[in-house]
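Each chain, written out:
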Amino acid sequence: MAGHSKWANIKRQKAVVDAKKGKTFTQLSRAIIVAVRSGVPDPSGNFQLRTAIDKAKAAGIPNDNIERAIAKGAGTFGSDHDNFEAIRYEGYGPGGVAILIEALSDNRNRTAADLRVAFSKNGGNLGETGCVSWMFEQKGVCIVEGVIDEDKLLEASLEGNADFYEMTEDDMAEVFTEVTNLEILNQTLKDQGFQVTDAELRWIPSNHIEVTDPEQARSLLKLIDTLEALDDVQNVTSNFEMAEQLLTVSIT
């Protein structure tokens, strides 16, 4: 099981250094809009929407903004007709590192052009659909905090049909399951008294490329920063790993 959380750990370490609150507001608002359009505008009957709202509240987005995003998704917000669609892009970073980009865009051509420039200016290249996605598998992940009894977590995970779990810190775990089972696992863990702080879909790399050269590390992290700064980009995932010391030096 080891290695599933490596990119997640990198993301957490980067977030401490380069958190972009405004970008987070844009990302989460769009996620709410798309969630409404993929289901119903009532969070009690739409797990994707309920999760998006929870993330928005955790990020400090005001309730008025959340309600506005729901109204936009439902088509009841004035004359606003934003037509966002979820699109996945794939490419290569410095050293052949695989990169998956999940975007919400109302203009495919603009998004692709922006991504292509970002890659080309930072030692990578935007590829064709399918060029790297075969190296990743999508899983549902519940992040659980305050774990005291690991045996109890194991029992609850099995009851919720989880595939496996990993302790990422002394009292924090990530529980993995099939995408279609995420809502059931999330509810089962909560019913068993666990504090689920997030439930998300995540791309898990089947192999990792170790980055040891400081210059390559800087170029790679600069590319990811550039991609994440684009308004249309929701999430960036990669299959590289590097020592924490090298990561810290490269992003400070």
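Here, the structure is the one placed above.
Residues numbered from 1 in each chain as written. Predicted model: local features only at pLDDT ≥ 70, side-chain atom pairs only at ≥ 80, totals over all residues. Heavy atoms only, no water.

Participant: Would you mind showing me how to read the overall build of the protein chain here?
Facilitator: For the protein chain, the count of helices and strands is nine helices and 10 strands. Out of the 252 residues in the protein chain, the part that is buried amounts to 45%. Accessible surface for the protein chain amounts to roughly 12500 Å². Of this, 48% is attributable to carbon and sulfur atoms. (Helix = DSSP H or I, 4+ residues; strand = E, 2+ residues; numbered from the N terminus. Buried < 20%, exposed > 50% of the residue type's maximum accessible area, 1.4 Å probe, protein only. Areas by Shrake-Rupley, 256 points an atom, 1.4 Å probe, with all protein chains shown as cover.)

Participant: I'm lost on the side chain of Ser-238 in this one. Help?
Facilitator: When you line up the elements, Ser-238 lands in strand β9 (residues 233-238). The class of Ser-238 is buried, set by a relative accessible area of 0%. Here the side chain of Ser-238 touches Ala-98 through a polar contact of 2.8 Å, landing on its backbone oxygen. (Polar contact = N/O pair within 3.5 Å; in protein donor to acceptor, adjacent residues only side chain to side chain.)

Participant: For this particular structure, what's the right way to read the nonpolar core?
Facilitator: Most often, soluble globular proteins keep nonpolar side chains buried together rather than apart. Of all hydrophobic cores here, the largest spans 25 residues; its most connected members are Tyr-89, Ile-99, Ile-101, Leu-115, Leu-227, Phe-240 and Met-242. Counting residues per element, this core draws most heavily on helix α8 (residues 214-228), at six residues. (Core = buried A, V, L, I, M, F, W, Y, C linked by side-chain atoms within 4.5 Å.)

Participant: Explain the sheet that holds strand β7 (residues 195-205) to me, please; I cannot follow it from the model alone.
Facilitator: Pairing between sheet strands relies on hydrogen bonds along the backbone, with the strands arranged either parallel or antiparallel. Within the open sheet, the four strands sit side by side as β5-β6-β4-β7. Their pairing is antiparallel. Looking along the sheet, the strands with just one partner apiece sit at the ends: β5 (164-169) and β7. When the angles between neighbouring strand axes are averaged without regard to direction, this sheet yields 25 degrees. Note: strand β4 (residues 136-145) against β7, 10 bridges, orientation antiparallel. Among the inter-strand pairings, Ile-143 is bridged to a residue of β7, identified as Asp-198. (Pairing = 2+ DSSP bridges. Axes fitted to C-alpha atoms, helices over the stretch in contact; angles between N-to-C directions.)

Participant: Looking at this structure, I do not really get the packing of aromatic side chains. What am I missing?
Facilitator: Where two aromatic rings form a pair, the distance of their centres and the angle of their planes describe that pair. In the structure shown here, the tally under the stated rule is one aromatic pair. Taking the centre distance of 4.7 Å and the plane angle of 20 degrees together, the rings of Phe-164 and Phe-176 count as stacked. A residue pair is termed long-range when its members are at least 10 positions apart, and Phe-164 in strand β5 and Phe-176 in strand β6 (residues 172-177) qualify at 12 residues. What makes Phe-164 buried here is its relative accessible area of 13%. Between the NZ or CZ atom of Lys-152 and the centre of the ring of Phe-194, over which it lies, the distance is 5.6 Å. (Phe/Tyr/Trp six-rings, centres within 6.5 Å; stacked < 30°, edge-to-face > 60°. Lys NZ or Arg CZ within 6 Å of the ring centre and 35° of its normal.)

Participant: Would you explain the packing of helix α3 (residues 47-58) against helix α4 (residues 63-74) in this entry?
Facilitator: To describe two helices that pack against each other, one gives the angle between their axes and the distance between the axes. Contact geometry for α3 and α4: axes closest at 10 Å, N-to-C directions at 155 degrees. On the basis of their axis angle, the class for α3 and α4 is roughly antiparallel. Judged by the sense of rotation from one axis to the other, the crossing of α3 with α4 is right-handed. In contact with Leu-49, Ile-53, Ala-56 and Lys-57 of α3, α4 contributes Asn-63, Ile-66 and Ile-70. Residues of the contact of α3 with α4, tallied by class, amount to five nonpolar, one polar and one charged. (Parallel < 35°, antiparallel > 145°, perpendicular 65-115°, else oblique. Left-handed = near helix turned anticlockwise from the far one by under 90°. Contact = heavy atoms within 4.5 Å. Nonpolar A, V, L, I, M, F, W, Y, C, P; charged D, E, K, R; others polar.)

Participant: What is the right way to read the layout of surface pockets from this model?
Facilitator: A probe as big as a water molecule, rolled over the atoms, marks out the empty space that is left. Volume-wise, the second largest pocket comes out at about 210 Å³. Around the second largest pocket sit Ile-87, Arg-88, Tyr-89, Glu-90, Arg-108, Ala-112, Arg-116, Leu-126, Gly-127, Glu-128 and Thr-129, which together line it. The set of elements that each furnish at least two residues to the lining of the second largest pocket consists of β1 (85-92) and α5 (108-121). With four residues, the single largest contributor to the lining of the second largest pocket is β1. (1 Å grid on protein atoms, 1.4 Å probe; cavity = no way out; pocket = protein on both sides within 12 Å on 5 of 7 lines; lining within 4 Å. Points joined across faces, edges and corners; volume = space filled by probe spheres on them.)

Participant: Got a minute to help me understand the sheet that holds β9 in this structure?
Facilitator: Here we have four strands laid out as an open sheet, ordered β3-β1-β2-β9, and antiparallel in their pairing. A single partner strand is all that each edge strand has here, and the edge strands are β3 (125-126) and β9. Of the pairings in the sheet, the one linking strand β2 (residues 98-105) to β9 comprises five bridges and is antiparallel in character. The residue of β9 that forms the bridge with Ile-101 is Val-236. With respect to the sheet, α5 is in contact with β1, β2, β3 and β9, its orientation differing from that of β1 by roughly 25 degrees.

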